[in-house]
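Overview (structure and organization)
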Amino acid sequence: MRDITIAFHIGAPNTDNGQLTWSLRKDAARLLEQGVMIRRPGTYMKAVTDMLRKQDQEFVTDRERDALLAHLVKDNDVDRLILTSSSFLGVPAWMLSGGRLFRNAGRNAAALRGLFPDNPCAFFLGLRNPATLIGPVFRSQSSRTWQEFAGKADFLNLRWSEVVADIRMRNPECPITVWCNEETPVIWPNILGHVTGLGDSFRFSGELDITRGIISEAGYERLEAYLASRPGLSEAQRERVRELFLTYYYSEDAVEEEIDLPGWSQTLVDHMSETYQADAELIRRMPGVTFLS
């Protein structure tokens, strides 16, 4: 069991909204044949959370860690175990605590790493423009008012690069793979390939799951038929096809997002979006980071 790679998909909240699990679960049996295990978070989150809490408060033995891993993989022959939860990054209601994005991200990632210190580990993180992320996260919780949630955050100075750098600093031996949520409809199979460690050698049944949600039904049916009739296309070619179909058949109702937060203006949103794009370019050039685009 010591050789099992643990792939932690740590968020961000309100990005794929659990779709990574459900897309991979479509191929659960086929993936297991390749030594890759994906389970529903509901089957393991209590055990993982309990161990994290115990690890934070008292000494945890190797026997307890081995027991947790055995509980997760059961009797399966596994080379890679995928664990996913947007709460791994931090409690969403406190995402702006201290005036920065997920200021405890590195510490929380290190705690996850500490669960299985003798196993290879990798982190996976989907980013999202703070201008469109903050509203949904705030509305998803009820424990804090807007004033408490926002605190003294400078919305023009929120940097995902700080989050990624913090995770890297505290977990230097663990590679991290990052992508922008806004690009997932085009690169979704690439994301699935990296999380599973199978690359483009595996054709995923859920490769169009994200695309389906943002294009017209007629467009989706044509895209599905087009790809089915051309099984020999490379993944790069399939990616280009998805991009073209999205260009022509995207649904404005599905992709438009209303931003209505106290004191926010369109000018602020535009500046935040520009900052996010520049920050993504900075992350792309970070050593030890694989940036999917």
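Refer to the structure presented above.
The notes below deal with the structure included here. The structure displayed is predicted, hence computed values, not measured ones.

**Some remarks on the packing of helix α3 (residues 45-57) against helix α4 (residues 62-73)**
- The N-to-C vectors of α3 and α4 enclose an angle of 170°; their axes lie 11 Å apart at closest approach. As the angle between them shows, α3 and α4 are arranged roughly antiparallel. Handedness of the crossing formed by α3 with α4: left-handed. Residues Ala-47, Val-48, Met-51, Lys-54 and Gln-55 of α3 touch α4, and the partners they reach there are Glu-64, Arg-65, Leu-68, His-71 and Leu-72.
- Classifying every residue of the contact of α3 with α4 by side-chain character gives five nonpolar, two polar and three charged.

**Quick look at empty space enclosed by the protein**
- Tallying each qualifying case throughout the model produces two cavities of 30 Å³ or more.
- Volume-wise, the second largest cavity comes out at about 40 Å³.
- Along its surface, the second largest cavity is lined by Asn-129, Pro-130, Phe-155, Leu-158, Met-272, Thr-275 and Tyr-276.
- Here the lining of the second largest cavity gets three residues from one element, more than from any other, and that element is helix α14 (residues 266-284).
- A class-by-class count of the residues in the lining of the second largest cavity yields five nonpolar, two polar and no charged.

**Looking at the side chain of Thr-184**
- You can see Thr-184 is positioned in helix α9 (residues 184-196).
- Of the residues examined, Thr-184 reaches a relative accessible area of 5% and is grouped as buried.
- Those residues in contact with Thr-184 that lie beyond four places of it in its chain are Trp-179, Ile-191 and Ile-210.

**Observations concerning the layout of surface pockets**
- Taken as a whole, the largest pocket holds about 890 Å³ of empty space.
- Put simply, the parts of the chain that give the lining of the largest pocket at least two residues each are α9, α10 (209-212), α13 (252-255) and α14.
- When residues in the lining of the largest pocket are grouped by element, the largest group, six residues, is from α14.
- Size it by volume and the second largest pocket reaches roughly 690 Å³.
- At the level of elements, α3 and α5 (105-115) are the ones that each hand at least two residues to the lining of the second largest pocket.
- Taken together, the residues that form the lining of the second largest pocket break down as 12 nonpolar, nine polar and four charged.

**Concerning the state of the cysteines**
- If you walk through the whole model with that rule in mind, you get zero disulfides.
- Cys-121 takes part in no disulfide bond, and the closest cysteine sulfur, belonging to Cys-174, lies 3.3 Å away.
- Judged by relative accessible area, Cys-121 falls into the buried class, the value being 7%.

Conventions we followed
- Residues numbered from 1 in each chain as written.
- Predicted model: local features only at pLDDT ≥ 70, side-chain atom pairs only at ≥ 80, totals over all residues.
- Heavy atoms only, no water.
- Axes fitted to C-alpha atoms, helices over the stretch in contact; angles between N-to-C directions.
- Helix = DSSP H or I, 4+ residues; strand = E, 2+ residues; numbered from the N terminus.
- Parallel < 35°, antiparallel > 145°, perpendicular 65-115°, else oblique.
- Left-handed = near helix turned anticlockwise from the far one by under 90°.
- Contact = heavy atoms within 4.5 Å.
- Nonpolar A, V, L, I, M, F, W, Y, C, P; charged D, E, K, R; others polar.
- 1 Å grid on protein atoms, 1.4 Å probe; cavity = no way out; pocket = protein on both sides within 12 Å on 5 of 7 lines; lining within 4 Å.
- Points joined across faces, edges and corners; volume = space filled by probe spheres on them.
- Buried < 20%, exposed > 50% of the residue type's maximum accessible area, 1.4 Å probe, protein only.
- Disulfide = S-S within 2.5 Å.

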